[in-house]
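What follows is the residue order along each chain.
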Amino acid sequence: SRSDRLFDEAIIKTPDKGSIRNNSGEPEAGKGKVYRKPHFTLSYVEEYELPEWVSYHLTRDMLNQVKFERNQDFNSDLQVTTGSGHYQDYKGSGYRRGHLVPSADMAWNKEAMDATFLFSNIAPMREVFNDGIWNELEQDVREVIVANGRATGVVTADGQRHMARDAVIGAIHPHLLASLVSG
């Protein structure tokens with residue numbers, strides 16, 4: 001199907017990282033265009049209808065604030081001029097809509113949490129990956145932040161570690177991601 005082909009191409013041909021040039025430690029967009037969202041930034045590759053990378057800052061104080069309840073559904077990102085991914089890309093595809101910026105990381109701010117449900121922040125993930133190791137990574141990051149106070153990192157798909165001002169949160173090599181998603 002079209003969705004499977006797009007997802008497989010995007011996972012295997014993830015664009016290379018750009019060089020790190022700004023003070024926040026964010027890479028430049030490779031094939032993507034950078035979009036600023038409330039409390040996070042992402043590079044979106046319209047060719048694949050997928051985020052290239054995301055970056056955000058998270059502190060213990062943010063995580064300890066009162067949490068907003070999720071009342072948001074997944075939506076197309078109207079900032080993406082040619083249209084972002086949408087519900088039909090996932091319907092019947094066998095893929096889950098996986099957050100790159102987890103909604104739980106932004107639950108302290110309603111506007112930011114709602115922005116995590118835009119398809120520009122979503123990547124296709126198999127259920128076993130999304131509900132398993134990806135979920136564990138999200139929880140582990142929050143535990144590290146609660147224990148250490150804060151961390152800043154860039155999640156990429158190129159296997160390179162992008163050092164920001166504090167600690168790198170994670171990087172996933174595309175071949176590893178492809179094997180985890182397809183397996």
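Every value quoted in this text rests on a predicted model; they were computed, and no experiment measured them.

A closer look at the overall build of the protein
- Secondary structure assignment for the protein yields six helices and six strands.
- In sequence order, the secondary structure elements of the protein are arranged as α-β-β-β-α-α-β-α-β-α-β-α.
- Expressed as a percentage of contacts within the protein between residues at least 6 apart in sequence, the contacts between residues at least 24 apart total 65%.
- Of the roughly 9,300 Å² of accessible surface on the protein, 49% is carried by carbon and sulfur atoms.

Looking at the pairing of strand β5 (residues 122-125)
- Here β5 shows no split at all, with I122 and P124 on one side and A123 and M125 on the other all buried.
- Here strand β4 (residues 96-99) runs beside β5; their pairing, made up of four bridges, is antiparallel. In the strand pairing of β5, G98 is matched with A123.

Remarks on the environment of D105
- One can find D105 in the loop between β4 and α4 (110-115).
- Each C-alpha atom, one on D105 and one on M62, is 8.3 Å from the other, the two residues being 43 residues apart in sequence.
- The residues touching D105, leaving out its near neighbours within four places in the chain, are Y56, L58 and R142.

Observations regarding unusual backbone geometry
- Even without being a glycine, H39 presents a positive backbone phi close to 70°.
- Phi is positive for E49, close to 55°, though the residue is something other than glycine.

Topic: the confidence of the model for the protein
- Confidence along the protein averages 74 in pLDDT terms, with 66% of residues attaining 70 or more.
- Confidence drops under pLDDT 50 across residues 1-22; counting only partners more than four residues distant or on other chains, this segment forms 45 contacts.
- This stretch, residues 156-183, has a pLDDT under 50; its non-local contacts, to residues over four places away or in other chains, come to 66 contacts.

Section: the nonpolar core
- Ranked by size, the top nonpolar core spans 34 residues in total, and within it L58 and M106 carry the most contacts.
- Every element with two or more residues in this core is listed here: β2 (40-45), β3 (50-59), α2 (60-64), α4, β5 and α5 (127-148).

So, the side chain of N130
- Assignment of secondary structure puts N130 in helix α5.
- If near-sequence neighbours (up to four positions away) are discounted, N130 is found in contact with R96, R97, G98, M125 and N135.

Re the pattern of salt bridges
- Scanning the entire structure with this criterion turns up six salt bridges.
- Taking the shortest distance from any N to any O, the salt bridge between R96 and E127 comes out at 3.2 Å. In this pair, R96 is assigned in strand β4 and E127 in helix α5, connecting sequence segments 31 residues apart.
- A salt bridge links R96 to D131, with the nearest nitrogen and oxygen atoms 2.9 Å apart. Of the two residues, R96 sits in strand β4 while D131 sits in helix α5, which places them 35 residues apart along the sequence.
- Residue R96 is classed as partly exposed on the basis of its relative accessible area, which comes to 33%.
- Among the charged side chains, a network of salt bridges with common partners joins R96, E127 and D131.

What counts and how
Residues numbered from 1 in each chain as written. Predicted model: local features only at pLDDT ≥ 70, side-chain atom pairs only at ≥ 80, totals over all residues. Heavy atoms only, no water. Helix = DSSP H or I, 4+ residues; strand = E, 2+ residues; numbered from the N terminus. Contact = heavy atoms within 4.5 Å. Areas by Shrake-Rupley, 256 points an atom, 1.4 Å probe, with all protein chains shown as cover. Buried < 20%, exposed > 50% of the residue type's maximum accessible area, 1.4 Å probe, protein only. Pairing = 2+ DSSP bridges. pLDDT = per-residue confidence, 0-100. Core = buried A, V, L, I, M, F, W, Y, C linked by side-chain atoms within 4.5 Å. Salt bridge = Lys/Arg side-chain N within 4 Å of Asp/Glu carboxyl O.

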